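# A look at the structure
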Amino acid sequence: MAVDTWIQAGMALIGATGGVVAARSARRTKRQENRDDFTEIKKALNERIDDLKEDVVGQQVQITGQQEQITGQGAAISWLVIDRRSLVSYIRGAGLEPPAPRPIPDRARPYLDAIDV
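Residues numbered from 1 in each chain as written. Predicted model: local features only at pLDDT ≥ 70, side-chain atom pairs only at ≥ 80, totals over all residues. Heavy atoms only, no water.

The subject of this paragraph is the overall build of the chain. Counting its secondary structure elements, the chain contains 3 helices and 0 strands. Along the chain, helices (α) and strands (β) appear in the sequence α-α-α when read from the amino end. In the chain, which comprises 117 residues, the proportion classed as buried is 3%. Accessible surface, the chain as shown: approximately 10,800 Å² in total, 61% of it carbon and sulfur. (Helix = DSSP H or I, 4+ residues; strand = E, 2+ residues; numbered from the N terminus. Buried < 20%, exposed > 50% of the residue type's maximum accessible area, 1.4 Å probe, protein only. Areas by Shrake-Rupley, 256 points an atom, 1.4 Å probe, with all protein chains shown as cover.)

Here it is in structure tokens:
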């Protein structure tokens, strides 16, 4: 093979390599690859945020149910207190002595310290 053939083959190889590099750089830049990584991370974080939002909504529903339960318990306790007072008043009105009040258990003391009993 002549020198001209080797030169032409080398130039063709360099041209093909340049074409491949140019095509690759035109198709995907390093910045685009980094942007794609950012997009994937952002998508994963958005999914996690959505999961956390669902958890918060579930906890809010649970808190609402607990607040309703506490409200109902408070209403029941106030009804019992009023009913007990009316029974004591009725018994005293009839000229009798009502039974002595039971002592408050020690486990209820921390709750009673917060209110006036």
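A separate point is the confidence of the model for the chain. Mean pLDDT over the chain works out to 84, with 81% of the residues at or above the 70 mark. Per-element averaging of pLDDT across the chain places helix α3 (residues 109-112) at the bottom with 64 and helix α2 (residues 30-93) at the top with 89. (pLDDT = per-residue confidence, 0-100.)

Now for a negative patch on the surface. Among the surface-exposed residues, Glu-47, Asp-50, Asp-51, Glu-54 and Asp-55 lie close enough to one another that they form a single negatively charged patch. Tracing the backbone shows Glu-47 in helix α2. Overall, the relative accessible area of 48% leaves Glu-47 in the partly exposed class. (Patch = residues over 30% accessible without salt bridge, like charges linked within 9 Å, V, L, I, M, F, W, Y side chains within 5 Å. Salt bridge = Lys/Arg side-chain N within 4 Å of Asp/Glu carboxyl O. Lys, Arg positive; Asp, Glu negative; His and termini not counted. Charge placed at Lys NZ, Arg CZ, Asp CG, Glu CD.)

A word on a positive patch on the surface. Together, Arg-84, Arg-85, Arg-92 and Arg-102 make up a region of like positive charge exposed at the surface. For Arg-85, a relative accessible area of 58% translates into the label exposed.

We now examine a nonpolar patch on the surface. A cluster of nonpolar side chains, contributed by Val-3, Ile-7, Met-11 and Ile-14, occupies part of the molecular surface with about 440 Å² of accessible area. Residue placement: Val-3 occurs in helix α1 (residues 3-27).

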